[in-house]
Amino acid sequence: VIALPEGSGFLERLRTTHGSLLNILAPELREKTDGLLFIDSAVARESDGELRSRIEYRDVGARQSSFAYKEFLFPFGEALPRLYYSLADILDRESVLANFLHERKYEKGIAPAPVQARGGARVVALLCSDGVSPTLYRKQVVMGAEVLFNLSSHAWFHNSYAMQTLGLRMAKVRAVESRRYLVLAGNVIPSFIVDPYGRLIAGSERDSEGVLQGRVY
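As a starting point, this report considers the structure included with it.

Conventions used here
Each chain has its residues counted from 1, running along the sequence as written. In keeping with the model being predicted, local features are shown solely for residues with a pLDDT of at least 70 and side-chain atom pairs are shown and tallied solely at 80 or more, while totals for entire chains, interfaces and linings include all residues. By convention in this description, side-chain values take in all heavy atoms of the structure and omit both hydrogens and water. When a carboxyl oxygen of Asp or Glu lies within 4 Å of a side-chain nitrogen of Lys or Arg, that pair is called a salt bridge. A run of H or I in DSSP counts as a helix once it spans at least four residues, and a run of E counts as a strand once it spans at least two, with each numbered from the N terminus. Burial classification: accessible surface area is computed with a 1.4 Å probe over protein chains only, and a residue below 20% of its type maximum counts as buried, one above 50% as exposed, and the rest as partly exposed. A pair of Phe, Tyr and Trp rings is counted when the ring centres sit within 6.5 Å of each other, with Trp represented by its six-membered ring. The angle between the planes then sorts it: under 30 degrees is stacked, over 60 is edge-to-face, the rest tilted. Each pair of strands is called paired provided DSSP finds at least two bridges between the two strands. As used in this record, nonpolar core signifies buried Ala, Val, Leu, Ile, Met, Phe, Trp, Tyr and Cys residues forming a set joined through side-chain atoms within 4.5 Å. Contact between two residues is taken to exist if any of their heavy atoms lie within 4.5 Å; hydrogens are not considered. Note on geometry: axes are C-alpha line fits, over the in-contact stretch for helices, and angles between N-to-C directions span 0 to 180 degrees.

What follows covers the pattern of salt bridges. Scanning all chains against the criterion turns up seven salt bridges. For the salt bridge of K70 with E6, the shortest nitrogen-to-oxygen distance reads 3.1 Å. Residue K70 is located in the loop between β4 (64-69) and α3 (82-90), and its partner E6 is located in the loop between β1 (2-3) and α1 (10-17); the two are separated by 64 residues in the primary sequence. Summarising the burial analysis for this pair, K70 and E6 share the class buried. The salt bridge involving E177 is made with R174; its shortest N-O contact spans 2.9 Å. Of this pair, E177 and R174 both sit in helix α6 (residues 161-178), three residues apart, which is roughly one turn of that helix.

Printed below as a string of C-alpha cells:
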C-alpha cells in the first residue's frame, strides 16, 4: 500500500498528464505493480456542483479505482457554523456569504469502507480531521478494517510542533481504541506508524522530505 498526504492530488494529475500510472512505468516494472494499492486524495467539484474532499483507492494492476469522502468537516476551513448564516442575514451580507460558500464550503459524500490490499488485508483511509471523531475508525473496524490510514494535511498550521504532538497523540488513542495499526501520511508534520498498543514504531524526520516504509500486517 502506498498512502499519500491529504490533498496531494497525485493520481488526479497523473491522469491529466499521462492517462495512468502504468503509462509512465517501464514494461519490466508493470508486472510488479500487480496488487499494488495507491491511496490518494484530492479536492473535487463534482457533477452536482458541490465541493468534496475525495479519497481514491487505486488498484494499479486491475486499473480500477474506488472512491470515498471526508466525513468530519473542519470548522471554518471546510464548513461554516450555522451562526454565520444568521449573522449574514442580519447584516445583509448574503452575497458575501454565498461567494465564500462557493469557494470554501465542502459537502460530505459516500463514507469510506474497507478495501482489500495485497495479501488479503482489509484497509481503510480517513482524512485528517476525521481522526478527531472517536466513532469513525471504530465503525470501520466493525466493517472489517484491519489496518487504518489517515491522510493528513497540516499546512494551515505552519509546521506547528503542537499540531504534530496532537496528531501523534490522537493517532495513538485511535489505534488503541481500535486495536489496529494506524499509519498517518503527513505533508507538514512527520508521517508515522503506531501499533495496536499505541506505540510509535516508525516515523519520518521533522522538517524533511522522504518516504516512510514499514510493515503493519
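Now, onward.
Before going further, it helps to spend a moment on the packing of aromatic side chains. For the structure shown, the criterion picks out one aromatic pair. Geometrically, the ring pair formed by F10 and F38 is stacked, given 5.9 Å between the ring centres and 25° between the ring planes. Of this pair, F10 sits in helix α1 while F38 sits in strand β2 (residues 37-45); the two residues are 28 residues apart in sequence, bridging distant segments of the chain. Look at F10 and you get partly exposed, because its relative accessible area is 27%.

Regular strands show a simple pattern: their side chains alternate between the two faces of the sheet. Where strand β9 (residues 192-194) meets strand β10 (residues 200-203), three bridges bridge the pair, whose relative direction is antiparallel. For V194, the partnering residue across the bridge sits in β10 and is L200. Counted between consecutive antiparallel strands, the loop separating β9 from β10 contains five residues, among which G198 sits at a positive phi close to 80°.

Looking now at the nonpolar core. Counting residues in each nonpolar core, the largest one holds 32 residues, and the members touching the most others are I39, Y57 and V123. For this core, the elements supplying multiple residues, two or more each, are β2, β3 (51-59), β6 (122-127), α5 (136-142), β7 (147-151), α6, β8 (181-185) and β9. Looking at this core element by element, the count peaks at five residues for β6. Once residues within four sequence positions are removed from consideration, I39 is found in contact with V1, I2, A3, L4, I55, E56, Y57, V123, A125, F149 and L151.

The strand order across the open sheet built from six strands is β5-β6-β7-β8-β9-β10, with neighbouring strands paired in mixed fashion. Edge positions in the sheet fall to β5 (115-116) and β10, since each has one partner strand and no second. Here β7 pairs with β8 via five bridges, running parallel. Its bridge partner lying in β8, V147 is registered against Y181. Packing against the sheet, α6 makes contact with β7, β8, β9 and β10, and its axis sits at approximately 35° to β9.

Moving on: the sheet that holds β3. Pairing is mixed across the open sheet formed by four strands, whose spatial order is β1-β2-β3-β4. Each edge of the open sheet carries a strand with a single partner, namely β1 and β4. With six bridges connecting them, β3 and β4 associate as antiparallel partners. Bridging from a neighbouring strand, I55 pairs with A68 of β4.

With respect to the element layout, I2 can be found in strand β1. What makes I2 partly exposed here is its relative accessible area of 33%. Each C-alpha atom of the pair I2 and Q213 lies 9.2 Å from the other, and the pair is 211 residues apart in sequence.

Another point: unusual backbone geometry. A positive phi angle is found at C128, which is not glycine, with a value near 40°. Note on placement: C128 falls in the loop between β6 and α5. Backbone geometry places R179, a non-glycine residue, at a positive phi of 55°. Of the residues examined, R179 reaches a relative accessible area of 45% and is grouped as partly exposed.

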